[in-house]
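# Breakdown of the fold
Here is what each chain is made of, one letter per residue.
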Amino acid sequence: LHVLGYHLAYGQWLLRMPRGGLEEWLAANHPDATWLLITAHEPVDWSQDGKSLLCILHHAGNSMALGIVPVESGEVRQLITLGWNGVGHPRFSPDGRFIAYDRKENGNHDIYVLALDGMRITRLTNLPSKEDSPGWSADGKYVLFSSNRSGQSDLWAVQVRNGETVDAPVRI
């Protein structure tokens, strides 16, 4: 939602401020809180408790990474470097232990899950079709995503447990 320059993300406030080629963001977990300035990082999701932001980190040479920024300290904790292939639509799992995202690698656009400690990545899909825009079911048991594997874009789901696939993806 975008209203008067404010972005409302999962009940939290983000203000985007373009400045001389760099984007700066102000973030707060509610409109009356102290605002946190984030430079050169793109906030994409709030933790369930509203204390941290998941960000796409933009580095020199167009490389990207995923990181967490606690609103209280503003210190960036980089989780993983993703090179210049980029990353799309990262989202916290409801329990906050994992991050689902899409990524194009070797010409293949697939869905991945990253453990929040940054130590384990699981590729949930691996087909020549385009899978993107992941999201989590409210109970955290499924990662939902868009796929054109059937010849048209459809909503699909794959069951996950502890960041790993349980079964093959199914069309919803």
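Above this note sits the structure.
All values derive from a computational prediction rather than experimental measurement. (Residues numbered from 1 in each chain as written. Predicted model: local features only at pLDDT ≥ 70, side-chain atom pairs only at ≥ 80, totals over all residues. Heavy atoms only, no water.)

### Thoughts on the nonpolar core
In this structure, Leu-66, Ile-99, Tyr-101 and Leu-114 are the most contacted members of the largest nonpolar core, which totals 14 residues. Secondary-structure elements contributing two or more residues to this core are β7 (52-58), β8 (64-70), β9 (77-83), β11 (98-105) and β12 (108-115). Apart from residues no more than four positions distant in its own chain, Tyr-101 is found in contact with Leu-66, Leu-82, Val-87, Gly-88, His-89, Pro-90, Asp-110, Ile-111, Tyr-112, Leu-114, Ile-121 and Pro-134. Counting 12 residues, the second largest nonpolar core, distinct from the first, contains Phe-98, Ala-100, Phe-145 and Trp-156. (Core = buried A, V, L, I, M, F, W, Y, C linked by side-chain atoms within 4.5 Å. Buried < 20%, exposed > 50% of the residue type's maximum accessible area, 1.4 Å probe, protein only. Helix = DSSP H or I, 4+ residues; strand = E, 2+ residues; numbered from the N terminus. Contact = heavy atoms within 4.5 Å.)

### Structural notes on the pattern of salt bridges
Opposite charge on two side chains permits them to pair, given that their charged atoms come into close proximity. Scanning all chains against the criterion turns up seven salt bridges. With a shortest N-O distance of 3.3 Å, Arg-120 and Glu-164 are connected by a salt bridge. Here Arg-120, found in the loop between β12 and β13 (121-123), pairs with Glu-164, found in strand β17 (residues 164-165); they are 44 residues apart in sequence, far enough to count as distant. Relative accessible area serves as the criterion here: at 34%, Arg-120 is assigned to the partly exposed category. Among the salt bridges present, the one from Asp-132 reaches Lys-130, with a minimum N-O distance of 3.6 Å. Accessibility expressed as a relative area gives 13% for Asp-132, which makes it buried. (Salt bridge = Lys/Arg side-chain N within 4 Å of Asp/Glu carboxyl O.)

### Details of the packing of aromatic side chains
We describe a pair of aromatic rings using the distance from one ring centre to the other and the angle between the two ring planes. Within this structure, the stated rule accounts for one aromatic pair. Seen from their ring centres, Tyr-101 and Tyr-112 are 5.5 Å apart, and the 10° between their planes marks the pair as stacked. Linking Tyr-101 in strand β11 with Tyr-112 in strand β12, this pair joins segments that are 11 residues apart in sequence. Classification of Tyr-101 as buried rests on a relative accessible area of 1%. Tyr-112 sits in the buried class, given a relative accessible area of 6%. (Phe/Tyr/Trp six-rings, centres within 6.5 Å; stacked < 30°, edge-to-face > 60°.)

### Observations regarding unusual backbone geometry
Residues other than glycine seldom take positive phi values, yet Ser-133 does so here, at roughly 55°. Within the element layout of this structure, Ser-133 appears in strand β14 (residues 131-136). Within the chain, Asn-162 stands out as a residue other than glycine whose phi angle is a positive 55°. Structurally, Asn-162 can be placed in the loop between β16 (154-161) and β17.

### Considering the sheet that holds strand β6 (residues 41-46)
Read from one edge to the other, the open sheet built from four strands follows the order β6-β7-β8-β9, with strand pairing classed as antiparallel. Of all strands in the sheet, those bounded by a partner on one side alone are β6 and β9. Adjacent strand axes in the sheet meet at a mean angle of 25°, parallel and antiparallel pairs treated alike. Where β6 lies against β7, five bridges are found, and the strand directions are antiparallel. If you follow Glu-42 over to β7, its bridge partner there is Ile-56. (Pairing = 2+ DSSP bridges. Axes fitted to C-alpha atoms, helices over the stretch in contact; angles between N-to-C directions.)

Geometric values such as these leave the question of function open.
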